[in-house]
Amino acid sequence: MSNRSNFTGKIGFVLAAAGSAVGLGNIWRFPYLAAQYGGGIFLLTYIVLAVTFGFALMTAEISLGRKTGLSAIGAFKTLDKRFSFIGYLASAVPIIILPYYCVIGGWVIKYLTVFIGGGGSAAAADGYFGSFIGGVWEPIGWFALFLGLTAVVVLFGVEKGIEKVSKFMMPVLVVLTLFIAIYTMTIDGAWDGVIYYIKPDFSKFSVKTVLAAMGQLFYSMSLAMGIMITYGSYMKKDVCIETSVRQIEIFDTGIAFFAGLMVIPGVFAFSGGTPESLGAGPGLMFVTLPKVFDHMSGGTVIGLLFFLLVLFAALTSSISLMETVVSIFTDKLKIGRRPACFVVLGISILLGIPSSLGNGIWGGIKLIGMDFLTFFDFISNSVIMPIVALATCIFIGYIIKPKAIIEEAEIGGAFKAKKLFTVVIKYVAPVCIVLILISSVLSGLGIISI
Ligand code: TRP
């Protein structure tokens, strides 16, 4: 424990955690979910969940890590042997996410190369994304490249270099996202999209909205997968946990919000905001943004810069994901770092190829009605993570008691929202998750419709 290196300075922790939190989740996943699940009502649900549930769970995970000085599996095991299963379950999440994360990362590289080659207008044409993804070797090739880049960094341990670059790139990405969002809003027909995105339509509210928003919250803030426990284990005692959590939340949610504003009004301006265009799913950003760039003077350069920055944000996240999986394997399989890297690489190739093809030629193969990528995404975000979150809440609320976390959080500063924390962890979160899980299982079995 004593030889754990620490994050330097107070802001060091927030930057590292935000670096892991900000990635494709904000830029790619949030906008397509918000578009699909009713716009404003999704946004509202997300924000309410973020300030209650997200806040409580992140505080809990960081405190657990700092208290024990261990990663997920060890942290739960040390505190209570019966609950070490939470650590194992949490560890399954990054293993499932990494492969399809790299598939999307591959799409980002593809679009970057298109814009570098001056083909931005071609990418704006209807059907461009569909024909790209309908291919076999091309999407697999880009996926392999992205995965390879990630693996090289992890294998040779050059994360520090990447982090340095991304510390500079991240603020630029934020500014660029803001700029594109403002531009998109001014396009003819886009305003309806702004209203759709901002104004909640309560008739669109359903259990599915909450499930999708909750899964997105976990995904985007890297919760319910042990990551924040590990980060907490590196955090110095004099850092205020509450303040750090607030900062990470505001930063992460802010970027997601502007990413939505960049994409959704574009869907209205260029594709009429029809239910089909809003429900495009994972391809939404790739279909819509090239149209926005094509409309913009100097859009080729802006587009190029945008995909380059997104690539960096995606790479830092995938490196951190792979790093996590490698350390799980080195610890549990008692193998060296290098062999572990190759095992992870092998698993990622195996799971990544179907995710890639499932959007194209294997689109006909369905697992509980979903293509492979959607299936992996669903199993991790909407099934395993809620279960991990539920178990964590029960563990903290009733086994080690909220006081244990509150005491840890108060070492480095005040914990003003401790009442809220206790109520959410003990009652609100567990009840909500149980209701959501039951209703989604019942609807999956066709017993109720939600
Ligand atoms: N939060 C990241 C994003 O928004 C994705 C992610 C999920 C992640 N789990 C992670 C990143 C673990 C690093 C480590 O894109």
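Remember, it's a predicted structure, so these values are computed and weren't measured experimentally. (Residues numbered from 1 in each chain as written. Predicted model: local features only at pLDDT ≥ 70, side-chain atom pairs only at ≥ 80, totals over all residues. Heavy atoms only, no water.)

Q: Would you mind showing me how to read a positive patch on the surface here?
A: Where like charges cluster on the molecular surface, the positive patch consists of Lys-77, Lys-81, Lys-332 and Lys-334. Among the secondary structure elements, Lys-81 is positioned in the loop between helix 4 (72-79) and helix 5 (84-116). (Patch = residues over 30% accessible without salt bridge, like charges linked within 9 Å, V, L, I, M, F, W, Y side chains within 5 Å. Areas by Shrake-Rupley, 256 points an atom, 1.4 Å probe, with all protein chains shown as cover. Salt bridge = Lys/Arg side-chain N within 4 Å of Asp/Glu carboxyl O. Lys, Arg positive; Asp, Glu negative; His and termini not counted. Charge placed at Lys NZ, Arg CZ, Asp CG, Glu CD. Helix = DSSP H or I, 4+ residues; strand = E, 2+ residues; numbered from the N terminus.)

Q: Quick question: what am I supposed to make of helix 8 (residues 137-156) here?
A: Because an α-helix packs 3.6 residues into every turn, residues spaced three or four apart end up facing the same way. For helix 8, which comprises 20 residues, the first-to-last C-alpha distance of 27 Å matches the rise-based estimate of 28 Å (1.5 Å per residue) to within 8%. Within helix 8 the residues assigned to the buried category are Pro-139, Ile-140, Trp-142, Phe-143, Phe-146, Leu-147, Thr-150, Ala-151, Val-153 and Val-154. Packing partners of the buried residues in helix 8 comprise helix 5, helix 7 (128-133), helix 9 (159-185), helix 16 (299-333) and helix 17 (337-357). (Expected span 1.5 Å × (residues − 1). Buried < 20%, exposed > 50% of the residue type's maximum accessible area, 1.4 Å probe, protein only. Contact = heavy atoms within 4.5 Å.)

Q: Just checking my understanding: could you explain the site of the ligand for this structure?
A: Ala-21, Gly-25, Tyr-101, Tyr-219 and Met-225 are the nearest of the 15 residues found near the ligand. In this structure, an oxygen atom belonging to the ligand sits 2.7 Å away from a side-chain N or O atom of Tyr-101. Here Tyr-219 contributes a backbone N or O atom positioned 2.8 Å from a nitrogen atom of the ligand. Here the ligand loses 100% of its free accessible area of 360 Å² to cover by the protein chains. Among the cavities detected, the one that contains the ligand is the largest cavity. Counting residues per element, the ones that place at least two in the shell around the ligand are helix 1 (9-21), helix 2 (24-36), helix 11 (207-220) and helix 16. Along the lines of polarity and charge, the residues of the shell around the ligand split into seven nonpolar, eight polar and no charged. (Near = heavy atom within 4 Å. Polar contact = N/O pair within 3.5 Å; in protein donor to acceptor, adjacent residues only side chain to side chain. 1 Å grid on protein atoms, 1.4 Å probe; cavity = no way out; pocket = protein on both sides within 12 Å on 5 of 7 lines; lining within 4 Å. Sits in = over half its atoms within 2 Å of the grid points. Nonpolar A, V, L, I, M, F, W, Y, C, P; charged D, E, K, R; others polar.)

Q: Looking at this structure, I do not really get the packing of aromatic side chains. What am I missing?
A: For any pair of aromatic rings, the description rests on two quantities: the centre-to-centre distance and the angle between the ring planes. In the structure shown here, the tally under the stated rule is 31 aromatic pairs. With 5.2 Å between their ring centres and 65° between their planes, Phe-76 and Phe-395 make a pair best called edge-to-face. Here Phe-76 is found in helix 4, whereas its partner Phe-395 is found in helix 18 (residues 372-399), with 319 residues between them in sequence. For the pair shown, Phe-76 and Phe-395 are each scored as buried. (Phe/Tyr/Trp six-rings, centres within 6.5 Å; stacked < 30°, edge-to-face > 60°.)

Q: Looking at this model, I keep getting lost on the pattern of salt bridges. Mind explaining?
A: As enumerated under the stated definition, the model contains eleven salt bridges in all. Among the salt bridges present, the one from Arg-82 reaches Asp-80, with a minimum N-O distance of 2.7 Å. Look at Arg-82 and you get exposed, because its relative accessible area is 60%. Overall, the relative accessible area of 12% leaves Asp-80 in the buried class. The salt bridge involving Glu-408 is made with Lys-237; its shortest N-O contact spans 2.9 Å. Taken together, the residues span a long stretch of sequence, with Glu-408 in helix 19 (residues 402-411) and Lys-237 in the loop between helix 12 (227-233) and helix 13 (241-271) at a distance of 171 residues. Given a relative accessible area of 38%, Lys-237 falls into the partly exposed group. One network of salt bridges, in which partners are shared, links Arg-66, Lys-237 and Glu-408.

Q: Any chance you could explain the side chain of Thr-45 here in plain terms?
A: Summarising the element assignment, Thr-45 is placed in helix 3 (residues 40-68). The class for Thr-45 is buried, based on a relative accessible area of 10%. With residues up to four places along the chain from it excluded, the contact list for Thr-45 reads Phe-205, Thr-209, Val-210 and Ala-213.

Q: What exactly am I supposed to notice about the environment of Pro-402 here?
A: By secondary structure assignment, the location of Pro-402 is in helix 19. On the basis of relative accessible area, Pro-402 is assigned to the buried category, the value being 7%. Between the C-alpha atoms of Pro-402 and Phe-421, which are 19 residues apart in sequence, the distance is 8.1 Å. Apart from the residues within four sequence positions on either side, Pro-402 is in contact with Ile-396, Gly-397, Phe-421, Thr-422 and Lys-426.

Q: What is the right way to look at helix 5 in this model?
A: For helix 5, with 33 residues, the first-to-last C-alpha span of 48 Å sits near the 48 Å given by 1.5 Å per residue. Of all the bends found along helix 5, the most pronounced is centred on Leu-98 and spans about 30°, while Pro-99, a proline, follows it within four residues. (Bend = angle between axes of the 7 residues up to and from the residue.)

Q: How do you make sense of the packing of helix 11 against helix 18 when you look at a structure like this?
A: Helix-helix packing is characterised by the crossing angle of the two axes and by the distance between the axes. Helix 18 packs onto helix 11 with a crossing angle of 70° between their chain directions and a minimal axis gap of 9 Å. Regarding the angle of helix 11 to helix 18, the classification is roughly perpendicular. Facing Leu-211, Met-214, Gly-215, Phe-218 and Tyr-219 of helix 11, the residues of helix 18 in contact are Asn-381, Ser-382, Met-385, Pro-386 and Ala-389. Residue classes in the contact of helix 11 with helix 18 are distributed as seven nonpolar, three polar and no charged. (Axes fitted to C-alpha atoms, helices over the stretch in contact; angles between N-to-C directions. Parallel < 35°, antiparallel > 145°, perpendicular 65-115°, else oblique.)

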